[in-house]
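Residue-level structure breakdown
Given next are the chains, with one letter for each unit.
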Amino acid sequence: MALLIFVWLSSAIWWPKGTNPSTNKTQLAPLTPVEATWVVEQFYHPSVLVQAKTKANRVVNIRAELSGQVLSLPVERGSDVVVGETICGLDPQDRHAANASAEAAVAQAELEYTGALSLKQKGVQSELAIATSRANLEAAKAHHSKTDYQVKKLQMQAPFAGVIEDRPLEIGDYVQAGQICASVVELDPMLITAQISAADITQLRLGQRARFIYSGGVIDSAFITYLAATADMITQTYRVEAKVKNSGGVLRAGIAGTLAAETKAIAAHLIPASVLLLDDSGDTMVKILSDGNQIKNINVQQLGVDENGIWVSGLPERSALITMGQNYVTAGENVLPVFVDPTEKFK
């Protein structure tokens, strides 16, 4: 019995009253270290992105206005042409002679009309004779205009600078009026076309700067030139057109890519993609430090992506963002932060 009492008293000495060994162990546990960096609010221009493709600014089929045999084809298919350059030439046959005869008839009619007016002043010419002379002069002029027009149309010319896309004729072919001699396409400027939703078209305006992103690179000198007023009956989308200079012939018609147009600037934060998490509801969130180095969950909305990271909204103006170790800490937990230079996280 004395031995039992001694043991009981000894326990009071070596294990103080009110001390819980498990509680003491918890209090001595070290704080979880995390890596953090300061991110500050910046202005960000969200972009409207839509699938697009290039298209020739103009396509014209040059058609013969006269019938005749093809005498010359000075420009090959695929060649560049300038305004007014001859593409197809027809055999004139007797058209030059007919035009010269019509020109001479005008000169004769002018002399006859002048003579009739002179006789009228002398009182020896009737009004009927004068009217007849004038009618003959106008008829001669009309006939000369017709023959002169036919001579000019023997040479079919490019209406604008472009490229000969197709030329179905060969020298010696006989063409009828209305038959295609060649197709000319204008590739400078280049047209970029796209179909855009009703929500996105409200963010665009005529003259707005845009970029065309394709497999060959990025062209950032495009401008919005057309916004449709009515939607397509089938797709319920609106046609958008932009133009871009293509003097070097870098772009060809039919290239697929993305048309990107920046909208109004909004306040946002640029953060690394690696810090994004999902909460229990499946919404995007990040973890930041609140007062006392305590973890706080913040839901964010993704606005856009660039080569430096992801733009989001929803963060305080200046936030201590957890960039490493966020998967091992929970909201409300006190941590030991180690701050790093933001430039190190956005490399």
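Here's what I pulled together on the structure shown here. On a predicted model such as this, the values are computed, not experimentally measured, just so you know.

Procedures and definitions
Residues numbered from 1 in each chain as written. Predicted model: local features only at pLDDT ≥ 70, side-chain atom pairs only at ≥ 80, totals over all residues. Heavy atoms only, no water. Helix = DSSP H or I, 4+ residues; strand = E, 2+ residues; numbered from the N terminus. Buried < 20%, exposed > 50% of the residue type's maximum accessible area, 1.4 Å probe, protein only. Contact = heavy atoms within 4.5 Å. Areas by Shrake-Rupley, 256 points an atom, 1.4 Å probe, with all protein chains shown as cover. Disulfide = S-S within 2.5 Å. Phe/Tyr/Trp six-rings, centres within 6.5 Å; stacked < 30°, edge-to-face > 60°. Lys NZ or Arg CZ within 6 Å of the ring centre and 35° of its normal. Pairing = 2+ DSSP bridges. Core = buried A, V, L, I, M, F, W, Y, C linked by side-chain atoms within 4.5 Å. Axes fitted to C-alpha atoms, helices over the stretch in contact; angles between N-to-C directions. Expected span 1.5 Å × (residues − 1). Polar contact = N/O pair within 3.5 Å; in protein donor to acceptor, adjacent residues only side chain to side chain.

Within the chain, the regular secondary structure consists of six helices and 22 strands. Looking at the chain as a whole, 35% of its 347 residues are labelled buried. Contacts in the chain between residues at least 24 apart in sequence constitute 73% of all its contacts with a sequence separation of at least 6. For the chain, the accessible surface area stands at approximately 21200 Å², while carbon and sulfur atoms represent 55% of it.

What follows concerns the state of the cysteines. Enumeration over the complete set of coordinates arrives at one disulfide. Paired through a disulfide, Cys88 and Cys181 show a sulfur-sulfur distance of 1.4 Å. Between Cys88 and Cys181 the disulfide shows an S-S torsion of about 50°. By sign, it is right-handed. Of the two residues, Cys88 sits in strand S6 (residues 86-90) while Cys181 sits in strand S10 (residues 180-196), which places them 93 residues apart along the sequence. There is no split in this pair, since Cys88 and Cys181 are both buried.

Attention now goes to the packing of aromatic side chains. Under the counting rule described, the total for this entry stands at three aromatic pairs. With a centroid separation of 5.5 Å and an interplanar angle of 10°, the aromatic rings of Trp38 and Phe339 are classed as stacked. Pair noted here: Trp38 is in strand S1 (residues 32-40) and Phe339 is in strand S22 (residues 335-339), with a separation of 301 residues, a long-range link. For Phe339, a relative accessible area of 38% puts it in the partly exposed group. Considering the side-chain rings of Phe212 and Tyr214, the 5.6 Å spacing of their centres and the 15° angle between planes classify their relative orientation as stacked. Classification of Tyr214 as buried rests on a relative accessible area of 16%. The lysine or arginine in question, Arg318, covers the ring of Trp38, its NZ or CZ lying 3.9 Å from the ring centre.

With antiparallel pairing, four strands are arranged side by side in an open sheet as S7-S6-S4-S9. In the strand order of this sheet, the two ends are held by strand S7 (155-157) and strand S9 (174-175), each with one partner. In this structure, strand S4 (residues 68-72) lies alongside S9, joined through two bridges in antiparallel fashion. For Gln69, the partnering residue across the bridge sits in S9 and is Tyr174.

Here the focus is the nonpolar core. Counting residues in each nonpolar core, the largest one holds 23 residues, and the members touching the most others are Ile192, Ile196, Val244, Leu251 and Leu259. Of all the secondary-structure elements, those providing two or more residues to this core are strand S3 (47-63), S10, strand S11 (209-214), strand S12 (217-227), strand S13 (238-244) and strand S14 (256-262). Setting aside chain neighbours within four positions, we find Ile192 in contact with Ala52, Lys53, Thr54, Phe212, Ala222, Val240, Glu241, Ala242, Val244 and Leu259. Counting 20 residues, the second largest nonpolar core, distinct from the first, contains Ile62, Ile87, Cys181 and Ala182.

Counting buried residues along strand S21 (residues 318-324), five of its seven residues qualify, which places the element largely inside the surrounding structure. The sheet contact formed by S1 and S21 spans six bridges and is antiparallel. If you follow Trp38 over to S21, its bridge partner there is Ala320.

Reading across from one edge, S2-S15-S20-S19 is the order of the four strands in this open sheet, with antiparallel pairing throughout. Taken across any chain shown, the strands that pair with only one partner, and hence form the sheet edges, are strand S2 (42-44) and strand S19 (301-306). Pairs of neighbouring strands in the sheet enclose a mean axial angle of 50°, with direction left out of account. One ladder, built from three bridges, connects S2 with strand S15 (residues 266-271); its direction is antiparallel. Bridge pairing links Tyr44 to Ile266 in S15.

So, on to helix H4 (residues 127-152). In an α-helix, one full turn covers 3.6 residues, which means residues spaced three or four apart are oriented alike. Taking 1.5 Å of rise per residue, 26 residues should cover 38 Å, and H4 covers 38 Å from first to last C-alpha, within 8% of that figure. Considering only its buried residues, H4 is in contact with helix H3 (95-121) and S7.

This part is about the environment of Gly178. Assignment of secondary structure puts Gly178 in the loop between S9 and S10. Other than its neighbours up to four places away in sequence, Gly178 contacts Arg63 and Ala64.

Right, let's talk about the side chain of Gln326 for a bit. By the element assignment, Gln326 lies in the loop between S21 and S22. Reaching out from Gln326, the side chain makes a polar contact with the backbone oxygen of Ser274 at a distance of 3.2 Å. Not counting residues up to four positions away in its chain, the partners in contact with Gln326 are Ser274, Val275, Leu277 and Lys287.

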